[in-house]
Amino acid sequence: MTTAATRLNRRLEKTVLGRATRDGDGVKLTRVLTSDLQQRLDPFLMLDQFGSDDPKDYGGGFPDHPHRGFETVTYMIAGRMRHKDSAGHEGLLQNGGVQWMTAGRGVIHSEMPEQEAGVMEGFQLWLNLPARDKMCAPGYRDIQSEDIPEVRPSPGVQVRVISGVCHGTAGAVHRPADAFPTDPLYLDIHFEQDAEFVHPLAADFNAFVYTYRGQVKIVENMGTLATVDLHHMGVLRNEGEQVHMQARAGTRVLLIAGRPLRQPIAQYGPFVMNTRAELMQAVEDFNTGRLGT
Ligand code: FE
């Protein structure tokens, strides 16, 4: 039997510092996963972090805009954001909650802050859909913070399981792998004390960590340590059977992994399809009012 101690650890391939940018109506963001990494981190297309206590940085929000061909997963660490979309869904995303939206053939939605002061902090991840599902019916789930399962896999470590399975605990979103072949793992890992965390990862899954508090060490084989500093993404090599982390008290990291789709990626802004013709169709559908209706 293979135990955690004898499994091969994944090594760190590279670290990437997020890029400051603005999107929506001037919302200040750090774009962590940029388009040049879409092939490498297939099925993930984008990861943005937003975080500010200055309403000028977030007050404009994201007025009506379209999406087609993928899913958006918004994880709100702090703050309140109201979502409304063309499929008739409306929800309030707040402190610790997740919104999982399947754009499929198309939604037009707005994501607007419902606060005039205080901290707004969170993440938006874009997860690709397989070619066969890009034109599926739109779907939407609001998951309140209390409905996100938490697990304590080792002393001093608390994990919020947004999707996938962590040490036997199924996440808030856990879907059959035949229906959702990307089988995404999305964990928010809090090191409450100086501690270690180990999680199995199939070698074919593309995986990365993102440090949003403190600094995390990736324990490689033979005990070598590789560091992923604050506001850096650490891309994990596709080898080995698990990731092994070590961190000081107060560190928080996301661990995100998924099975690649290995399909062509054609993106034009908020549309992600497989071919240029499909993108042109998306633009035409949007311009003629047929997207999201
Ligand atoms: Fe959006």
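Calculation criteria
- As a convention, each chain's residues are numbered from 1 in the sequence order in which they are written.
- Restriction of local features to residues with pLDDT of at least 70 applies here, the model being predicted, together with a cutoff of 80 or more for giving and counting side-chain atom pairs; totals for whole chains, interfaces and linings are based on all residues.
- Water and hydrogen atoms were dropped before computing side-chain values, which therefore reflect all heavy atoms in the structure.
- To qualify as a helix, a DSSP run of H or I must reach at least 4 residues; to qualify as a strand, a run of E must reach at least 2; elements of each kind are numbered from the N terminus.
- Here the globule rule is a power law, 2.2 Å times the number of residues to the power 0.38, and the radius of gyration is based on C-alpha atoms.
- The buried label applies to any residue whose accessible area, calculated with a 1.4 Å probe on protein chains only, is under 20% of its type's maximum; exposed applies above 50%, and partly exposed to all values in between.
- Accessibility throughout is a Shrake-Rupley quantity obtained with a 1.4 Å probe, and a residue counts as covered only by protein chains that appear here.
- Positive residues here are Lys and Arg, negative ones are Asp and Glu, while His and the chain termini are left out of the count.
- In this description, the location of a charge corresponds to atom NZ of lysine, CZ of arginine, CG of aspartate or CD of glutamate.
- Residue contacts are counted whenever heavy atoms from the two residues lie within 4.5 Å of one another.
- Nitrogen, oxygen and sulfur within 2.8 Å of a metal are treated as its donors, or within 3.2 Å for sodium, potassium and calcium (Na, K, Ca); water is not counted, so a site can appear incomplete.
- A four-donor site is classed as tetrahedral when every donor-metal-donor angle falls between 85 and 135 degrees; four donors are called square planar, and six octahedral, when trans pairs exceed 155 degrees and all remaining angles lie between 65 and 115, with any other arrangement labelled irregular.
- The term salt bridge refers to a side-chain nitrogen of Lys or Arg lying within 4 Å of a carboxyl oxygen of Asp or Glu.

*Asks:* Can you lay out the overall build of the protein for me, pointing to particular residues and giving the numbers?
*Replies:* Scanning the protein from N- to C-terminus turns up 1 helix and 26 strands. Rg of the C-alpha trace for the protein: 19 Å, near the compact-globule value of 19 Å for 293 residues, within the 12% margin. Judged by the C-alpha coordinates and their principal axes, the protein covers about 60 × 45 × 30 Å. Buried positions account for 54% of the 293 residues belonging to the protein. Within the structure as shown, the protein displays about 12,500 Å² of accessible surface, and the carbon and sulfur contribution to it stands at 50%. Taken as two groups, the 30 positive and 36 negative side-chain charges of the protein have centres that lie 3 Å from each other.

*Asks:* Break down the environment of Ile218 for me, with residues and values.
*Replies:* Tracing the chain through its elements places Ile218 in strand β20 (residues 216-219). Each C-alpha atom of the pair Ile218 and Val198 lies 10.0 Å from the other, and the pair is 20 residues apart in sequence. Not counting the four nearest positions on each side in its chain, Ile218 is found in contact with Arg10, Leu12, Val209, Thr224, Leu225, Ala226, Val228, Leu236, Val243, His244 and Met245.

*Asks:* Lay out the coordination of the iron ion in plain terms, naming residues and giving numbers.
*Replies:* Every protein donor of the iron ion is listed here as His65 (NE2), His67 (NE2), His109 (NE2) and Glu111 (OE), and their distances to the metal cover 2.1 to 2.6 Å. Viewed at the metal, the 4 donor atoms of the iron ion are separated by angles of 83 to 178°, and the geometry they form is irregular. Positions of the donor residues of the iron ion, expressed as sequence spacing, correspond to H-x1-H-x41-H-x1-E. Of the two residues, His67 is situated in strand β5 (residues 62-67) and Glu111 in strand β10 (residues 107-113); the sequence distance between them amounts to 44 residues. His67 gets classed as buried once you look at its relative accessible area, which sits at 2%.

*Asks:* Describe the pattern of salt bridges, naming the residues involved and giving the relevant values.
*Replies:* Counted by the stated rule, this structure contains 19 salt bridges. The closest approach of N and O atoms between Glu121 and Arg213, which form a salt bridge, is 2.8 Å. On the criterion of sequence distance, the pair formed by Glu121 in strand β11 (residues 120-128) and Arg213 in strand β19 (residues 206-213) is long-range, its members being 92 residues apart. Residue class for Glu121 comes out buried when judged on its relative accessible area of 10%. A relative accessible area of 30% means that Arg213 is categorised as partly exposed. Note that Arg152 and Glu192 form a salt bridge whose closest N and O atoms lie 2.9 Å from each other. Here Arg152, found in the loop between β13 (150-151) and β14 (157-163), pairs with Glu192, found in the loop between β17 (185-191) and β18 (195-200); they are 40 residues apart in sequence, far enough to count as distant. Judged by its relative accessible area of 51%, Arg152 falls in the exposed class. Through salt bridges with shared partners, a single ionic network connects Arg68, Glu284, Asp285 and Arg290.

From the geometry alone we can't say anything about function, so treat these as descriptive.
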